[in-house]
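Now for the letters of each chain:
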Amino acid sequence: MKSFLTHIKEKFGDGNYEGDQFGGAGGHDGSGLPTGAPGNFMFATGIECSYPTIANGTIRRDLLAETDHYNRYKEDLGLVKELGLKVLRYNLPYYLIHKGPGQFDWEFADLAMAEIKRLGITPILDLMHFGVPDWVGNFQNPELPVHFAEYCGAVAQRYPWVRFYTPVNEIYVTARASAKDGIWNEQLKDDRAFITAMKHITAASIMGTQQIARYRPDCIIVQSESAEYIHEMRAVESPEIRLQNKLRFLSLDLLYAHTIDAEVLLYCMDNGMSREELKWFMAGEPPGYQIMGNDYYGRNEKIIKPNGDWCEAEDVLGWYTMTKQYYERYRKPVMHTETNTFNPKDAECWLWKQWVNVQRIRQDGVPVVGFTWYSLLDQVDWDISLREKRLKVNACGLYDLDRKIRPVGESYRMMIEEFGQITIVPHAEMFEFTSRPATLKVEK
């Protein structure tokens, strides 16, 4: 079978990445992210949109359908506006739109995007959320980066007014759940399958970003990735848990061309990553302005006891400490891209605790550009990671599925009213960066 790299070269040539003509890896036009405008800190929410397959590919979970968003999209988008939010993480369902090579169905996407534009909402377009079209198969398909790149280019052409994108949501979680934990899509439990999925998904994100930048050179890429950690309560650390804690960085290491830990690199090469593939990933970053989005839920941290039992370790490290680790590794502007809690009684307190984390890390000088409560509406079956279709409602939304606001929604409105005028960089209202590099105006 041909490798993903062979398919990319056959389609796009021998350059490090297709699109070198508009800046190549890490290239853009030199202008800076705007920092001076009051209120440009991005308070956001998202509409839950996962669509993996389960039951050996016989069942497609589609949370947009299961929460009735397809029928109530205007109402849902109106709720975003009602809360005073300007930014929305929003998915165009890849598996429904991309019907085959060169074939697209834009009917729903056009309706939703027109309403988003009419309401003046800034979308962060999420282009792949835990699943692929049936004709692509799953994440073991080496042609995925080529097909996904075509889709990303088509989206960027169709909606040229969009600047913010998340090409692939949670690369690490997608690869792990599909190829290591055996929950979704290919449902494999194999190290080699995990590395194969990781290569294909990360390459898809890179190639997709290249195509977005081809039509929107000033694109802003908000890479949403899960911040996770296992606390092993044993006197001697086990090799398995040590490796697992290191693997949480792998997707971003490949995406940002960051030097990979030696133990992780050996694991990758033992499980099918070639030197040529590694060289391709390490050639440089994809284009566009890169924002490192960290998703954090209390359940992301776990404790493993000496007897092997597990329990949740909510807030032992917390978003502040974990994001500091990621920031010190990659030195990217940061966004808190997802959080919630399944217990509605705890939701308001959890919201404010997350905001305290954001404020604290900003005081330390880390550039945090936005905060997201995910999601707008209650979700379905995420307490079991969508592995079975039970249709149990998870009361973690700003609104319930009857579109009635929850107390956490009222608290979020209060937060936006109180902090809505802050800038991305503290005190940046003194400055205005223009679209030309090295040009700085000081307001009198």
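Residues numbered from 1 in each chain as written. Predicted model: local features only at pLDDT ≥ 70, side-chain atom pairs only at ≥ 80, totals over all residues. Heavy atoms only, no water.

A word on the layout of surface pockets. The computed volume of the largest pocket comes to approximately 930 Å³. Of all the secondary-structure elements, those providing two or more residues to the lining of the largest pocket are helix H7 (171–179), strand S10 (229–232), helix H9 (239–247) and strand S13 (310–312). Here the lining of the largest pocket gets four residues from one element, more than from any other, and that element is H7. Class assignment for the residues of the lining of the largest pocket results in 13 nonpolar, 10 polar and 12 charged. In this structure, the second largest pocket encloses a volume near 300 Å³. Together, 21 residues line the second largest pocket, and Gly39, Asn40, Phe41, Met42 and Val87 are the ones closest to its centre. Looking at the lining of the second largest pocket residue by residue, the classes come out as 13 nonpolar, six polar and two charged. (1 Å grid on protein atoms, 1.4 Å probe; cavity = no way out; pocket = protein on both sides within 12 Å on 5 of 7 lines; lining within 4 Å. Points joined across faces, edges and corners; volume = space filled by probe spheres on them. Helix = DSSP H or I, 4+ residues; strand = E, 2+ residues; numbered from the N terminus. Nonpolar A, V, L, I, M, F, W, Y, C, P; charged D, E, K, R; others polar.)

Moving on to the packing of aromatic side chains. Inspection of the entire model under this criterion finds 26 aromatic pairs. Consider the rings of phenylalanine 41 and tryptophan 355, whose centres lie 5.6 Å apart with planes at 80°: the pair is edge-to-face. Here tryptophan 355 lies in helix H14 (residues 347–363) and phenylalanine 41 lies in the loop between helix H1 (4–12) and strand S1 (42–46), a separation of 314 residues in the sequence. Both rings, one in phenylalanine 43 and one in tyrosine 412, keep their centres 6.5 Å apart while their planes meet at 70°; by these two values the pair is edge-to-face. Remark: tyrosine 412 occurs in helix H15 (residues 407–419) and phenylalanine 43 occurs in strand S1; sequence separation between them is 369 residues. Grouping aromatic residues by their ring pairs yields a cluster made of Phe41, Phe43, Trp355, Phe371, Tyr412 and Phe419. Over the aromatic face of phenylalanine 342 sits the side chain of arginine 299, whose NZ or CZ is 3.9 Å from the ring centroid. Stacked on the ring of tyrosine 320, the Lys or Arg arginine 360 has its end atom at 3.7 Å from the ring centre. (Phe/Tyr/Trp six-rings, centres within 6.5 Å; stacked < 30°, edge-to-face > 60°. Lys NZ or Arg CZ within 6 Å of the ring centre and 35° of its normal.)

Moving on, we come to the side chain of threonine 337. Here threonine 337 is to be found in strand S14 (residues 334–338). Residue class for threonine 337 comes out buried when judged on its relative accessible area of 1%. (Buried < 20%, exposed > 50% of the residue type's maximum accessible area, 1.4 Å probe, protein only.)

This model, assessed by the stated rule, comprises 29 salt bridges. Arginine 61 is the salt-bridge partner of glutamate 66, the closest N and O atoms lying 2.7 Å from each other. We note a salt bridge from glutamate 263 to lysine 246, for which the minimum N-O separation is 2.8 Å. Of this pair, glutamate 263 sits in helix H11 (residues 262–270) while lysine 246 sits in helix H9, and the two are 17 residues apart along the sequence. Salt bridges here are not isolated pairs; linked through shared partners, they connect Arg242, Lys246, Asp261 and Glu263. (Salt bridge = Lys/Arg side-chain N within 4 Å of Asp/Glu carboxyl O.)

With that settled, the discussion passes to the sheet that holds strand S12 (residues 301–304). Adjacent strands of a sheet pair through backbone hydrogen bonds, lying either parallel or antiparallel. Read across the sheet, three strands follow the order S10-S12-S13 without closing on themselves; strand pairing throughout is mixed. The open sheet has two edge strands with one neighbour each: S10 and S13. Averaged over all pairs of adjacent strands, the angle between their axes in this sheet comes to 25°, without regard to strand direction. Note that S12 and S13 share three bridges and pair antiparallel. (Pairing = 2+ DSSP bridges. Axes fitted to C-alpha atoms, helices over the stretch in contact; angles between N-to-C directions.)

As a further point, take the packing of H1 against helix H6 (residues 144–158). Contact geometry of H1 with H6 gives a least axis separation of 8 Å together with a crossing angle of 45°. As far as their axial angle goes, H6 and H1 are oblique. Here Phe4, His7, Ile8, Lys11 and Phe12 of H1 come into contact with H6, specifically with Pro145, Val146 and Ala149. (Parallel < 35°, antiparallel > 145°, perpendicular 65-115°, else oblique. Contact = heavy atoms within 4.5 Å.)

A full pass over the atoms with the stated rule returns one cavity of 30 Å³ or more. Put simply, the largest cavity is a space of about 40 Å³. Lining the largest cavity are Pro344, Ala347, Glu348, Ala395, Cys396, Gly397, Arg406, Pro407 and Val408. At the level of elements, H14 and H15 are the ones that each hand at least two residues to the lining of the largest cavity. For the lining of the largest cavity, the residue count by class is six nonpolar, one polar and two charged.

Here the focus is H11. If you check which residues of H11 are buried, you get Val264, Tyr267 and Cys268. Projected down its long axis, H11 shows its buried positions confined to an angular sector of 100°, all on one face. H11 presents Ala262, Leu266 and Asp270 as exposed residues on the side facing more than 90 degrees away from its buried surface. Buried residues belonging to H11 abut helix H8 (191–215), H9 and helix H10 (250–255). Directly after H11, the chain includes glycine 272, whose backbone phi takes a positive value near 110°. (Arc of directions from axis to C-beta.)

This brings us to the packing of H1 against H8. Running from N to C, H1 and H8 cross one another at 20°; their axes reach a closest spacing of 11 Å. By the angle class used here, H1 and H8 are roughly parallel. Here H1 runs over H8; the crossing is right-handed. For the pair H1 and H8, the contacting residues are Phe4, Ile8 and Phe12 in the first and Lys199, His200, Ala203, Met207 and Gln211 in the second. Along the lines of polarity and charge, the residues of the contact of H1 with H8 split into five nonpolar, two polar and one charged. (Left-handed = near helix turned anticlockwise from the far one by under 90°.)

Purely geometric numbers; function is a separate question.
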